[in-house]
Amino acid sequence: DIENLGPALIDQLVDKGIVKHFADLYSLTAEQLIGLERMGEKSAANLITAIEDSKDRGLGRLLAAMGIHHVGGRVAEVLAGHFGGIDSIAAAGEAELAAVEEIGPIIAASVRRFFESGQGGEIVRRLKAAGVKMSADRAVVPVGESPLAGKTVVVTGTLAGYTRSEIQQTIKRHGGRPTSSISKKTDFVLVGGNPGSKADKAKSLGVKIINEEEFREMVEKKN
């Protein structure tokens, strides 16, 4: 979920041999990007910033993106909340994994196969070397009737009370799914200062827009 990194750009990077493994994204430089189709200095700098920001998505998002069979967003968050770090998940036996609520034997076997494979080990090694965050700040908690439960939330602009990582973790703790792409399926767009084009897109799609104060009221009411 890296902003401005779409299929067309990925095709160019692969075709030119710049990226051969998704971990190569984290060693890209602006100089390598400038000169690609529709990629000037500003676009290249913005993409490098977006790639750097993606290092801090948290363990749940990372697991969901690794391509582990049967491990989608919810399962990834459960594993992240229970084990807390990639090394603990990689070291867990099949029975230990299966004992986690919502996991079970089929998912446990799939997770075990991934981390025992050469491919899985190489992915973890390279992402660690790139500085990608591989731990969970805190476990998943029940959210009950939280207004964010099951909702997709886009954050745009600068927030006064949260860093980008903090707001993403807060959304997830209350059962929401933070993402960077706005569509008609987006439930809320949280708008801070200098939001740019995303706020306009939300309006054009009829997506509900909330500000930081409204967001705080939503999550504090639950608390």
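Heads up: the structure comes first, above all this text.
Conventions used here
- Residues numbered from 1 in each chain as written.
- Predicted model: local features only at pLDDT ≥ 70, side-chain atom pairs only at ≥ 80, totals over all residues.
- Heavy atoms only, no water.
- Buried < 20%, exposed > 50% of the residue type's maximum accessible area, 1.4 Å probe, protein only.
- Helix = DSSP H or I, 4+ residues; strand = E, 2+ residues; numbered from the N terminus.
- Pairing = 2+ DSSP bridges.
- Right-handed = clockwise from strand over helix to strand, strands pointing away.
- Axes fitted to C-alpha atoms, helices over the stretch in contact; angles between N-to-C directions.
- Contact = heavy atoms within 4.5 Å.

**Student:** Would you mind going over the pairing of strand 3 (residues 188-191) in detail, with residue names and values included?
**Tutor:** Where a strand is regular, its side chains alternate between the two sheet faces. Alternating positions in strand 3 separate into two faces, F188 and L190 on one and V189 and V191 on the other, with burial throughout. In terms of strand pairing, strand 1 (residues 152-156) meets strand 3 through four bridges, oriented parallel. Residue pairing for strand 3: T156 is matched across the bridge by V191. Note: strand 3 against strand 4 (residues 208-211), four bridges, orientation parallel. Bridge pairing links L190 to I210 in strand 4. A crossover links strand 3 with its parallel partner strand 4, the connecting element being helix 11 (residues 197-205), and its sense is right-handed.

**Student:** Describe the sheet that holds strand 1, naming the residues involved and giving the relevant values.
**Tutor:** Pairing in this open sheet of four strands is parallel, and the strands run 2-1-3-4 from one edge to the other. Strands at the two margins of the open sheet, each flanked by one partner only, are strand 2 (177-179) and strand 4. Ignoring which end each strand starts from, the neighbouring axes of this sheet average 30° apart. Relative to the sheet, helix 10 (residues 164-173) contacts strand 1, strand 2 and strand 3, its axis offset from that of strand 1 by approximately 165°.

**Student:** So what's going on with the side chain of T152? Residues and values would help.
**Tutor:** Its location among the elements puts T152 in strand 1. The class for T152 is buried, based on a relative accessible area of 18%.

So yeah, pure geometry; function would need other evidence.
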